[in-house]
Amino acid sequence: MQSETSQHGAKTGLILGIESSCDETSAAVVEAGARVLSNVVASQVRTHARYGGVVPELASREHLQNIVPVVRAALEQASVTLDQLDAIAVTEGPGLAGALLVGILYAKGLAFALNKPLIAVNHLEGHIHAVLLEARQQHNAIAAPLLALVVSGGHTHLYLAEERIGVWHYRNVGKTLDDAAGEAFDKVAKLLGLGYPGGPWIDWLAQHGDARAVPFGPINIKQKPYREPAAQSPRFLFSFSGLKTAVLRYVETRNLQAQITARRTALAAIENPGPQDALALCDKETLNLIASFQRAVIDDLLRKTFAAAETFHVRSLVVSGGVAANRELRRRFMQEANQRGLPLAFPSIALSTDNAAMIAAAAWPRLAAGSFAPEGLSAAPSLALGHNL
Ligand code: KG4
Ligand code: ZN
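Residues numbered from 1 in each chain as written. Chains lettered and ligands numbered in written order. Predicted model: local features only at pLDDT ≥ 70, side-chain atom pairs only at ≥ 80, totals over all residues. Heavy atoms only, no water.

Comments concerning the side chain of threonine 305
Following the sequence through the fold, threonine 305 ends up in helix H11 (residues 284-311). Its relative accessible area of 0% is what places threonine 305 among the buried residues. When neighbours within four sequence positions are excluded, threonine 305 is seen to be in contact with Leu147, Leu149, Leu158, Phe238, Leu317 and Phe333. (Helix = DSSP H or I, 4+ residues; strand = E, 2+ residues; numbered from the N terminus. Buried < 20%, exposed > 50% of the residue type's maximum accessible area, 1.4 Å probe, protein only. Contact = heavy atoms within 4.5 Å.)

Have a look at this one:
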């Protein structure tokens, strides 16, 4: 059954992607990993905003409510019927177990009922393929080997990626030891009485502050000296929890707490508040703190990513994941890449954050290779991508 379907799939390659690893329920139809026919995302931001973070139990319930209408909308927008699909792709992990299970169970049921192959996709691989998909769509080649910085709410990872005979291979060469960069944005925003998720708030407010006002220094990590067996570990390490603590110390020593409480209360009284509402509620010192924090995160991501690109002699750089939506990050990375003559690609803003088009795109080489999920597929909350250096 599988090979027959995969031969058929090679002609059109219509894949329905399903993503439910965190707080976005998404379904998309992508043709041959190169053309997005639809990409529907139901965000749960409003549900989790009042808690200042994703509540796993609520996330699972919302996925359950959203999955059927989201898949239906994705098929309708793509003008594709279930029968026309060549495969169903679903995020296997990493992510929240209960959230992942909703997408996996639904995808399994659909694949079983339709007698179509099921393809399991690593969410991190999906973020990389968001960029590859759009490059193919625009007929731009991304030269390999490439270095991918996947920077989101749950991850800050560096991967070397290369396609060999139709199969993508990844090597993890960098990771965070504690908080992910997006997590740091979210925690600092929460600490300063701003909304959730914090990234877009900090992104917008930072343009009104002086990024050099608070001299957060470079983030240096004492790395164990290189030894043969230790070569198993990634070489480029990130850490953002110290920076978050430095912001907290600054708030304490400058007595900003009363202003933060007032801001939190004022924003809570606004229906669906946005960063524009927070501007009048932030004094110059707070705006400078926000801009300086963002600058420190970007400085660190930039320094280590370009050092890794140099170490591994890559031919292009890809930056993906929710934090890749950050405007200042894009500007700084672009400037640095241009200076070095290194091709750099970002996904569009819509494909930077979680979406199912990237899952369907990552599944495309697997459909062509006939590499399908086992019948016993389950959620893998801490699934890793590739092997270590
Ligand atoms: O990729 P994503 O949607 O979900 C995960 O896989 O984690 O990323 C969400 C993260 C959140 O931490 C959010 O604050 C951050 O991406 N984010 C941003 C921006 N937009 C989203 N961080 C900085 N600047 C932004 N513009
Ligand atoms: Zn993600």
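Details of the pairing of strand E5 (residues 118-122)
When you tally the buried positions in E5, you get five out of five residues, the bulk of the element. Here E5 shows a buried face lined by Leu118, Ala120 and Asn122 and a second buried face lined by Ile119 and Val121. Bridge count between strand E4 (residues 87-93) and E5: five bridges; the pairing is parallel. Note on E5: the bridge partner recorded for valine 90 is alanine 120. Once you follow E4 into helix H4 (residues 97-114) and on to E5, the crossover reads as right-handed. (Pairing = 2+ DSSP bridges. Right-handed = clockwise from strand over helix to strand, strands pointing away.)

Some words on the environment of isoleucine 128
By the element assignment, isoleucine 128 lies in helix H5 (residues 123-137). The buried category is assigned to isoleucine 128, whose relative accessible area is 0%. For the pair isoleucine 128 and methionine 358, spaced 230 residues apart in sequence, the C-alpha separation works out to 7.9 Å. Setting aside residues no more than four positions away along its own chain, isoleucine 128 makes contact with Ala148, Val150, Tyr159, Tyr170, Ser320 and Leu385.

So, unusual backbone geometry
Cis geometry is adopted by the peptide bond preceding proline 94, which originates at glycine 93 and carries an omega value of -5°. With respect to the helices and strands, proline 94 occurs in the loop between E4 and H4. Even without glycine at this site, alanine 32 takes up a positive phi of about 50°. Locating alanine 32 in the fold gives a position in the loop between strand E2 (24-31) and strand E3 (35-43).

Focus on the coordination of the zinc ion (ligand 2)
Under ideal tetrahedral coordination, the four donors around a metal are separated by 109.5 degrees; under ideal octahedral coordination, the six donors are separated by 90 or 180 degrees. Of the protein atoms, only His123 (NE2), His127 (NE2) and Asp354 (OD) coordinate the zinc ion (ligand 2), at distances of 2.1 Å. Bound by four donor atoms, the zinc ion (ligand 2) shows angles of 92 to 145° at the metal and therefore irregular coordination geometry. Sequence spacing among the residues donating to the zinc ion (ligand 2) works out to H-x3-H-x226-D. One end of the pair is histidine 123 and the other is histidine 127, both in helix H5 and four residues apart, which spans about a single turn. Taken as a pair, histidine 123 and histidine 127 share a single burial class, namely buried. (Donors = N, O, S within 2.8 Å, 3.2 Å for Na, K, Ca; no water. Tetrahedral: all angles 85-135°; square planar, octahedral: opposite > 155°, others 65-115°.)

Topic: the site of ligand 1
Taken together, the neighbourhood of ligand 1 is formed by 20 residues, with Gly153, Asp186, Gly199, Asp203 and Asn326 sitting nearest. One of the side-chain nitrogen or oxygen atoms of aspartate 203 is found 2.8 Å away from a nitrogen atom of ligand 1. Burial of ligand 1 by the surrounding chains reaches 90%, relative to a free accessible area of 550 Å². Secondary structure elements with two or more residues in the shell around ligand 1: H5, helix H6 (181-191) and helix H7 (198-206). Of all the elements, H7 adds the most residues to the shell around ligand 1, at four residues. (Near = heavy atom within 4 Å. Polar contact = N/O pair within 3.5 Å; in protein donor to acceptor, adjacent residues only side chain to side chain. Areas by Shrake-Rupley, 256 points an atom, 1.4 Å probe, with all protein chains shown as cover.)

What to know about helix H14 (residues 357-369)
With 13 residues, H14 should reach 18 Å at 1.5 Å per residue; the first-to-last C-alpha distance of 19 Å fits that figure. The axis of H14 is deflected most strongly, by about 30°, at alanine 363, and proline proline 365 appears within four residues downstream. A large share of H14 lies buried, amounting to ten of its 13 residues. Inspection of H14 places Ala357, Met358, Ile359, Ala360, Ala361, Ala362, Ala363, Trp364, Pro365 and Leu367 among the buried residues, and these make up the whole buried set. Among the residues trailing H14, glycine 370 stands out with phi positive, at a value near 70°. (Expected span 1.5 Å × (residues − 1). Bend = angle between axes of the 7 residues up to and from the residue.)

As for the domain arrangement of the chain
Under the domain assignment used here, the chain contains domain 1 (4-142 + 351-388) and domain 2 (173-342). Computed over C-alpha atoms, the centres of domain 1 and domain 2 are 28 Å apart. Interface of domain 1 and domain 2: buried area, both sides summed, is about 1,200 Å²; carbon and sulfur atoms make up 58% of it. Counting the contacts that link domain 1 with domain 2 gives one salt bridge. Between glutamate 271 and arginine 46 there is a salt bridge whose closest N-O contact spans 3.5 Å. Of all the elements in the fold, those that place two or more residues in the side of domain 1 that touches domain 2 are helix H2 (45-49) and H5. Among the residues forming the side of domain 1 that touches domain 2, the class breakdown is eight nonpolar, seven polar and two charged. (Domains from an automatic or database assignment. Buried area = accessible area lost by both parts, 1.4 Å probe. Salt bridge = Lys/Arg side-chain N within 4 Å of Asp/Glu carboxyl O. Nonpolar A, V, L, I, M, F, W, Y, C, P; charged D, E, K, R; others polar.)

Some thoughts on the pairing of strand E1 (residues 14-19)
Where a strand is regular, its side chains alternate between the two sheet faces. Of all six residues in E1, six are buried; the element is thus mostly enclosed. The side-chain alternation of E1 yields two buried faces, one formed by Leu14, Leu16 and Ile18 and the other by Ile15, Gly17 and Glu19. Where E1 and E2 come together, six bridges link them in antiparallel fashion. Of the residues in E2, the one forming a bridge with glutamate 19 is serine 26. Where E1 hands over to E2, the hairpin turn is made up of four residues, counted between the paired strands. Judged from the four bridges that link them, E1 and E4 form a sheet pairing that is parallel.

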